[in-house]
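Residues per chain are reported as follows:
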Amino acid sequence: MSDARVRHPGELRWETRLLAVVTLTLVSVGIAMCYAAGSYREDWFLEAQQQVSGAVVGGVLFLVAARLDYRLLRTWARPMFWATLAGLVVIGIVAVIWSGPKAPEAVASLVPYHNGARRWLRIGPLQLQISEIARFTLPVLIAAMVADLGARLRRFRDGFVPVMVPIVVTAALVAVQPNLSMAILLTVTGVAVAFVAGARISHLLLFAAPAVAGAAGMLVLTPERLDRLGAFLRPATECDPIADQVCDSLIGLGNGGIVGVGFGQGTQKLGHLSFGHSDFILSVVGEEWGFLGIMFLVLCFTLFCWMGFRIARTVRGAVGAAVAGGVTAMVGVAGFMHAAVVLKLMPATGLTLPFISTGRVSLVVYLLAAGVLVSIGRLRGKPSSRS
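Residues numbered from 1 in each chain as written. Predicted model: local features only at pLDDT ≥ 70, side-chain atom pairs only at ≥ 80, totals over all residues. Heavy atoms only, no water.

So, the pattern of salt bridges
Then, number 1: In this structure the tally under the stated criterion is 6 salt bridges.
Then, number 2: The partner of Arg71 in a salt bridge is Asp69, and the shortest N-O contact between them spans 2.9 Å.
Then, number 3: The exposure class assigned to Asp69 is partly exposed, which follows from its relative accessible area of 22%.
Then, number 4: In this structure, Asp158 engages Arg155 in a salt bridge whose closest nitrogen and oxygen atoms are separated by 3.2 Å.
Then, number 5: Counted as one network, the salt bridges with shared partners bring together Arg74, Arg78 and Asp148. (Salt bridge = Lys/Arg side-chain N within 4 Å of Asp/Glu carboxyl O. Buried < 20%, exposed > 50% of the residue type's maximum accessible area, 1.4 Å probe, protein only.)

If you want it as structure tokens, here you go:
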């Protein structure tokens, strides 16, 4: 077959270029806001330094992924997922046996305890949150599986159930760390890939019923999560700024008004908003940049998701469509959940804002995923190398 370019109705260079520009914009805003969120402390440079190093490593991976053929992911999907799953199993076993801060020194050095959970795996000088890596490897695996299954995906026993097994196992291992919000996000991302690939709605609803029941059970039966639910149900006029982070978040948004108090001039981050650099960074944006700053970020995320779903809709091949849909859902759902917490539209979850909140591994994973999305958009309409 000739290697000439095959025209495709949705293949326009401006789509992938706009996607790259939006990604670069979000990363730049994230570096600036991580600096602003920690600027009042003696170690003010730590969050910004961490974000810059993540942007450098992630930027390299973004460029490499954008230039490679995304169809290679079909071969790499299973090894990447099994490596991720091995890390989650180690963390899960340690989290179940040593649920509190006390653990043997060798165990504590391998799986450290931080903020009431064991979510990190320390490998030499690196401390990795494996669940962040699962954000990428899980949807890629599901995309490879649905591509192999083809029309069998619409069968329940030998199509739909095998696809749901890695989603359930991964979400369960993350939930016992404990990290319920990340488990929910991974489940939604995996299900989104199956939905884009053509899974039956009736099968998805059948899966959703026990998943929602399980999440509700973990929410009600855990005292800490029950306290968060109580704080969420409490009217905003009765919130306690000392005990309720969401209350501090709302105060920050109110201080910002339309145009904000100015970059670096926010006051809620001065010991009031404990996780202003991560879980509540949108509140810092709202206080310092105001309503207009938040609307700018909403526009950026909307453009990212619009481009992602356009690529998923117009690409040829099950792998490209499924991966593009999964990556876009991963970014969109995480951004929505973060904003909903900051605005007191749902209980506090601990989810960070994609590309913006501090977190080296998280930023690297998001940039890698965005690079794959650019590769899918760039190669639409081109024949595969095997052709």
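What follows continues from the structure just given.
Focus: unusual backbone geometry
Then, number 1: Across the junction of Gln177 and Pro178, the peptide omega takes the value 0°, indicating a cis bond.
Then, number 2: Relative to the helices and strands, Pro178 resides in the loop between helix 6 (156–175) and helix 7 (180–197).
Then, number 3: The phi dihedral of Lys344 is positive, around 60°, even though this residue is not glycine.
Then, number 4: Within the secondary structure, Lys344 sits in the loop between helix 12 (318–342) and helix 13 (360–378). (Helix = DSSP H or I, 4+ residues; strand = E, 2+ residues; numbered from the N terminus.)

Notes on the packing of helix 7 against helix 8 (residues 201–221)
Then, number 1: Taken N-terminus to C-terminus, the directions of helix 7 and helix 8 make an angle of 180°; their axes are 12 Å apart at the nearest point. In this view, helix 7 runs roughly antiparallel relative to helix 8, as classed from their interaxial angle. Every residue of helix 8 that contacts helix 7 at Leu180, Thr187, Val191 and Phe195 is listed here: Ile201, Leu204, Phe207, Ala215, Met218 and Leu219.
Then, number 2: Considering only residue class, the contact of helix 7 with helix 8 consists of 9 nonpolar, 1 polar and no charged. (Axes fitted to C-alpha atoms, helices over the stretch in contact; angles between N-to-C directions. Parallel < 35°, antiparallel > 145°, perpendicular 65-115°, else oblique. Contact = heavy atoms within 4.5 Å. Nonpolar A, V, L, I, M, F, W, Y, C, P; charged D, E, K, R; others polar.)

A short note on the environment of Ala340
Then, number 1: Summarising the element assignment, Ala340 is placed in helix 12.
Then, number 2: What Ala340 contacts, discounting residues up to four positions off in sequence, is Leu345 and Met346.

Digging into the confidence of the model for the chain
Low pLDDT means the predicted atomic positions in that stretch should not be read closely.
Then, number 1: Mean pLDDT over the chain works out to 83, with 90% of the residues at or above the 70 mark.
Then, number 2: When the criterion is pLDDT under 50, residues 1–7 qualifies, and its contacts beyond four places in sequence or with other chains add up to 12 contacts. (pLDDT = per-residue confidence, 0-100.)

With respect to the packing of aromatic side chains
Then, number 1: If you walk through the whole model with that rule in mind, you get 5 aromatic pairs.
Then, number 2: On the numbers, 5.3 Å between centres and 45° between planes, the contact of Phe355 with Tyr366 is tilted. Separated by 11 residues along the polypeptide, Phe355 in the loop between helix 12 and helix 13 and Tyr366 in helix 13 bring together distant segments of the chain.
Then, number 3: Since its relative accessible area comes to 2%, Phe355 is described here as buried.
Then, number 4: The buried category is assigned to Tyr366, whose relative accessible area is 1%.
Then, number 5: Joined through ring pairs, the aromatic side chains of Phe304, Phe355 and Tyr366 make up one cluster. (Phe/Tyr/Trp six-rings, centres within 6.5 Å; stacked < 30°, edge-to-face > 60°.)

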